[in-house]
Amino acid sequence: MAFSMRDLDEALQGCGQKFGIEIWRIENFKPVTIPKESHGKFFTGDSYIVLKTTASRSGSLHHDIHYWLGKDSTQDEAGAVAIMTVELDSALGGRAVQYREVQGHETEKFLSYFKPCIIPQEGGVASGFNHVKPEEHQTRLYICKGKHVVRFARSTLNHDDVFILDTESKIFQFSGSSSSIQERAKALEVVQYIKDTYHDGKCDIAAVEDGRLMADAEAGEFWGLFGGFAPLPKKSALSDHRTAGSDGIKLFSVEKGQTKPTEAESLQKELLDTNKCYILDCGLELFVWKGKNTSIDQRKRTSETAEEFFRSSERPKSNLVSVMEGFETVMFRSKFDSWPATSAVAEPQHGRGKVAALLQRRGVNVQGLVKTSSSSSKDEPKPYIDGTGNLQVWRINREEKIPLEAAEQSKFYTGDCYIFQYSYPGEDREETLVGTWLGKQSVEEDRASAISMASKMVESMKFMPAQARIYEGKEPIQFFVIMQSFITFKGGLSDAFKKYIVENEVPDTTYDAEGVALFRVQGSGPENMQAIQIEAVSTGLNSSYCYILHGDSTVFTWRGNLTSSDDQELMERMLDLIKPNENTKAQKEGSESEQFWKLLGGKSEYPSQKIKKDGESDPHLFSCTFSNENLKVTEIFNFTQDDLMTEDIFILDCHTEIFVWVGQQADPKKKPKVLAIGEKFLKHDFLLENLASETPIYIVTEGNEPPFFTRFFTWDSSKSAMHGNSFQKKLAILTNKGRPLLEKPKRRAPVYSSRSSVPDKSQPRSRSMTSTPDRARVRGRSPAFNALAANFENIGTRNQSTPPPMVSPLVRKLYPKSLAPDLTPRSAAFAARTALFEKSRPTPQETPSSLGPSEDTNEAEEPKMTEDESMSSIREDSKEEEEAEEEESSLPTFPYERLKTDSEDPPPSDIDLTRREAYMSAAEFKEKLEMTKSEFYKLPKWKQNKLKMAVHLF
């Protein structure tokens, strides 16, 4: 019997049609809607239905149905609410996952809906809500368990857990000596919740640590509420009676309300009959599996049987998860020894698409009836990275990094490996991405060298850049935007690759500009286009793409019938890079010349559908534990930025790419292994989503998150700028002793030139992409612009492929105002002008008479400063430096550990820096008075400080 929405109770009708949470309380075996402002308030004597509706990236709705049972609710009510969830699931299409939640033992997914916690209140409908709200605040003690979600219970103090004592005027958090930093930090979120909910935000907060006894005033006040200090038990006094069945996993079929064991040596999917329902007993949790061909009555009886199963096995606190055939959860599938990979079901075509497909099979040109690539490009994921940055690329040749010229930076060989460094403007600072690109035919020796060199580059930059490991064919959208016009050639140039093909007698197919080569052109626009060299055979063609074919001194362009004008525009642009200044012969699908087919070895059948790429799925966040080469992960549901604990390592799985996030205070021994952690995650495929081992991996460190990572969160960059462990950060915010910066000061963004390396089609077409031998072409400039700029630029100016110099706040502090070092190239006129003020005075060994006349008439000797002028100048410098310090006082602060670096010019080890003024001799003091500014600022920093201190003393 089918069950529709109109067959449901009136209170449930129309539910699940928009994303969000809907809650009903069961009153007299009828559902009653709970208003949104009361969500999260549960009573111990009641049962509830909670419906969570989420919208996937494809736009379809997904439902999770939970029924929550208070510890004082009746068994009859539990059975009734279980049947209601079966009916609700059927009305929603039978695809929802149903969860049985027991008070105090809820699933993490359920608790994630009501962060930071739920605190059930005494009473319920059956008792007429006879709980009486006290006129005076009642002091309560709670125990908090969990690193990611918090479970509440009443208990006595112990060393293992975190406790919250809620009094009328103050909330105490007691942290057991054996509790973790993460548990303490999570409990602080509960303290904030209690303060806002039960105290209207008006009460004091105190943190008490186990073992401090009466030495601390707040600790003394805390223990005074217990009548004085008393020794605590070593183990938790709260015993957990949940026991897993030691007999292993068992499978039962359910027929007419009776369970029957299913005998088998191993659990296989083939054991499940689509006409039956089953119960899978896993000890602490039970699963109900419902075949597609089962009736609504069968499913109801199975739910009743599962509830009876709990009572008979004396496991009333166990969880139950009910799934439908074809929509099993990852946890359910993981219980089986083998589960075949599920293939995506193709969506049926409707309307114009269906008519177009029919006409196409009959040979009709349907270009105006189907979606073109230009419209489909709108569906491509956004790159979330600025494309105007500066790029450097190196090709790996064993242990050597060979830099590529600007014109060659986006031309890769499939047999080689490459390292790229890309700097681009971020929200409030310059961002850097260091990545490796590993060709499909590259050898292991080059791959290992590339990854090792890239890791050392990141380490040399204090782990601030994000790091990426990218395989050919799995490039993310960010990579294509960085490269803009990306070309992949067959073969390779590295010595290791050449040795491999010789030893294995493999034909050398390295690209030959004069030979026969076929390129498929793809992309979404001028800033994201690729030309991929493929096998030069007709089966490589596709009606949805444009191609470039050259050979026998002839260049052909071929466009499929399903391509758009935008696709053809990209082909013309790529032609300017592959075969500039060459005459071409345009070929249209269906009207090709014999010479064209001859170059491809003859005509044959080829596909017409566009190559489908894996789409980005809804992200999943996992916390990771890595020890003894074993990786354990725990999924965090409904995650936020606050779930990223600075002591841990997390993995964000987006299916097409994964991010490994490393906290600043994570175990230093594990930081060098983060790439191995990502690779093991791909290997284990915890979500059973057929992740490829070549999936791109990003390594991101706390405080340096790039925008294409933060887009998955509601991100507050000031939180990641705070120092301390997770507990200290949240305590500082909670007690108003420190707050995350609401607005980080904006640094002056570096100026980047345009990086489009493709000729502008609005100008007269020029295929020439070459540069003059004496001057490399700058990325993003046309040949005409380069010729014009050559008249004004010096050959020795900065290489445009490197980032422009920036004067950081630290440099401004060391070199205030006009004394800041000149980091940019200057014109000859400007240099000559400033030479009047920067020329150094003669050394003591050089007498004026020994010096000949100056050869440069523009230079003049700097007059010697008097003692008073020197003292005045130094005091003025100190004043300017103090002003600079005040200007920088609004910048974010960092922990001392992060500021400790190895100086390139350290002071002598025998100098006590706290008493450095005592080491000033009279000769040194006199030397200081006679020193010019330019000479003074050439001294080591430690000596500058020493001289300044002497001036202040005297």
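Procedures and definitions
Residues numbered from 1 in each chain as written. Predicted model: local features only at pLDDT ≥ 70, side-chain atom pairs only at ≥ 80, totals over all residues. Heavy atoms only, no water. UniProt positions renumbered as here; feature names shortened; annotations may be inferred. Pairing = 2+ DSSP bridges. Helix = DSSP H or I, 4+ residues; strand = E, 2+ residues; numbered from the N terminus. Axes fitted to C-alpha atoms, helices over the stretch in contact; angles between N-to-C directions. Salt bridge = Lys/Arg side-chain N within 4 Å of Asp/Glu carboxyl O. Buried < 20%, exposed > 50% of the residue type's maximum accessible area, 1.4 Å probe, protein only. Phe/Tyr/Trp six-rings, centres within 6.5 Å; stacked < 30°, edge-to-face > 60°. Lys NZ or Arg CZ within 6 Å of the ring centre and 35° of its normal. Core = buried A, V, L, I, M, F, W, Y, C linked by side-chain atoms within 4.5 Å. Contact = heavy atoms within 4.5 Å.

Taking an unreviewed UniProt entry as the reference, the chain is identified by name as HP domain-containing protein belonging to Brassica campestris. UniProt's Sequence similarities (unreviewed entry) comment on the chain is quoted here verbatim: "Belongs to the villin/gelsolin family." Within the UniProt record for the chain, the comment given under Subcellular location (unreviewed entry) is "Cytoplasm, Cytoskeleton".

A. Representation of the sheet that holds strand β19 (residues 417–425) in the model. Taken in spatial order, the ten strands of this open sheet run β17-β16-β19-β20-β21-β32-β31-β30-β28-β29, and their pairing is mixed. Edge positions in the sheet fall to β17 (400–403) and β29 (630–636), since each has one partner strand and no second. With direction set aside, neighbouring strand axes in the sheet form an average angle of 25°. Here strand β21 (residues 466–471) pairs with strand β32 (residues 697–701) via three bridges, running antiparallel. Within the sheet, the bridge partner assigned to R469 lies in β32 and is I697.

B. Quick peek at the pattern of salt bridges. Within this structure, the stated rule accounts for 24 salt bridges. Between K719 and D642 there is a salt bridge, with the nearest N and O atoms lying 3.1 Å from each other. With K719 in helix α16 (residues 717–721) and D642 in the loop between β29 and β30 (649–653), the pair connects residues that are 77 residues apart, well separated along the chain. The exposure class of K719 is partly exposed, given its relative accessible area of 29%. Look at the salt bridges and you will find they share partners, linking K115, K186, E189, D643 and K730 into a network.

C. Here's a closer look at the packing of aromatic side chains. One pass over the full model with this rule turns up 52 aromatic pairs. Measuring from centroid to centroid gives 5.8 Å for F174 and W223, while their planes differ by 80°, and the two rings are edge-to-face. Residue F174 is found in strand β9 (residues 170–175), and its partner W223 is found in helix α4 (residues 217–224); the two are separated by 49 residues along the sequence. Grouping aromatic residues by their ring pairs yields a cluster made of F639, F659, Y698, F708, F709, F712, F713 and W715. The side chain of K269 reaches across the aromatic face of W339, ending 5.4 Å from its centre. One residue, K401, lies across the ring of W394, its end atom 4.4 Å from the ring centre.

D. Focus on the nonpolar core. Formed by 74 residues in total, the largest nonpolar core has its most connected members in F420, F479, F519, I548, L652 and F659. Not counting the four nearest positions on each side in its chain, F519 is found in contact with I487, T488, F489, Y511, A531, I532, Q533, C546, Y547, I548, H550 and I578. Core analysis: the second largest hydrophobic core is formed by 33 residues, I396, V662, F681 and L691 among them.

E. Main features of the environment of I649. Mapped onto the elements, I649 comes out in strand β30. Judged by its relative accessible area of 6%, I649 is buried. Residues I649 and T701, spaced 52 residues apart in sequence, show a C-alpha to C-alpha distance of 9.4 Å. Apart from residues lying up to four places away in sequence, I649 is in contact with F622, S623, C624, V660, W661, V662, A666, K670, V674 and I677.

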